[in-house]
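Overview (structure and organization)
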Amino acid sequence: MNRLLAFCMLLTACEYNDSGLKSNPIDSKILIEAREVLEPDARRLTLFCQTGKIYPCVNFPLLTDMDVKGKFIKITFTSVGETSLCFTALGPATTLLDLNTVSNGEYEIELNNANFRNRGKLKVTDTYITLLFGQQNGIDFVRTKTNRVPNKTYWGTIGY
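The sections below set out a description of the structure shown in this document.

Cut-off values and rules
- Residues numbered from 1 in each chain as written.
- Predicted model: local features only at pLDDT ≥ 70, side-chain atom pairs only at ≥ 80, totals over all residues.
- Heavy atoms only, no water.
- Pairing = 2+ DSSP bridges.
- Helix = DSSP H or I, 4+ residues; strand = E, 2+ residues; numbered from the N terminus.
- Axes fitted to C-alpha atoms, helices over the stretch in contact; angles between N-to-C directions.
- Phe/Tyr/Trp six-rings, centres within 6.5 Å; stacked < 30°, edge-to-face > 60°.
- Buried < 20%, exposed > 50% of the residue type's maximum accessible area, 1.4 Å probe, protein only.
- Lys NZ or Arg CZ within 6 Å of the ring centre and 35° of its normal.
- Patch = residues over 30% accessible without salt bridge, like charges linked within 9 Å, V, L, I, M, F, W, Y side chains within 5 Å.
- Areas by Shrake-Rupley, 256 points an atom, 1.4 Å probe, with all protein chains shown as cover.
- Salt bridge = Lys/Arg side-chain N within 4 Å of Asp/Glu carboxyl O.

What follows concerns the sheet that holds strand 6 (residues 105-113). Ordered by their spatial adjacency, six strands build an open sheet running 3-4-6-7-8-10, and the pairing between neighbours is mixed. The two strands at the open ends of the sheet, each matched to only one other strand, are strand 3 (62-69) and strand 10 (145-147). The average angle at which neighbouring strand axes cross in this sheet is 20°, direction not considered. One ladder, built from eight bridges, connects strand 3 with strand 4 (residues 72-80); its direction is antiparallel. Of the residues in strand 4, the one forming a bridge with Val68 is Ile73.

Here it is as structure tokens:
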């Protein structure tokens, strides 16, 4: 009996709990991925963001407020929107945040999942883009370091 009780306690102690997200306007973690958009004469930094939760319409938007002042970027994901035309495929709510041309350097960045606050640093160099955060509340990163395409490199997309 003692072994069974100890085993049950171990299982509940290791259980992942997002109970705080249930009372949040967005009731799932937000996955964030830094992407560099290459254009013939410029490079733009974007953040592709999506909910961990799957919704009945693949075109639900993830609504945000964004404020950029010098070397401070504040992004708050406010809610999941609904559209009048539902693309009836399952999928996460998504948004693509365009930070435009971001020069090399360190930026203070705040990525908030509604009521959950997250402060960190965005570091941009010629070779990589890094998101440096300590604790992550209501957010997660696909990868924290994204390598950049070197200058004077041929690039393109091949498809069929």
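Still more ground to cover, so stick around.
Moving on to the packing of aromatic side chains. Per the counting criterion, the structure on display carries two aromatic pairs. Between Tyr55 and Phe60, the ring centres sit 5.8 Å apart and the planes meet at 55°, which makes this aromatic pair tilted. A single burial state applies to Tyr55 and to Phe60, both of which are buried. Here the aromatic rings of Phe133 and Phe141 are separated by 5.2 Å at their centres, their planes lie at 45°, and the arrangement is tilted. Each member of the pair Phe133 and Phe141 is classed as buried. Directly above the aromatic system of Phe48 lies the positively charged group of Arg35, at a separation of 4.3 Å from the ring centroid. Lying across the ring of Tyr128, Lys145 places its NZ or CZ 4.5 Å from the centre.

It is worth spelling out a nonpolar patch on the surface at this point. A surface patch of nonpolar side chains, amounting to about 280 Å² of accessible area, comprises Val58, Leu85 and Phe87. Among the secondary structure elements, Leu85 is positioned in the loop between strand 4 and strand 5 (91-98). Judged by its relative accessible area of 56%, Leu85 is exposed.

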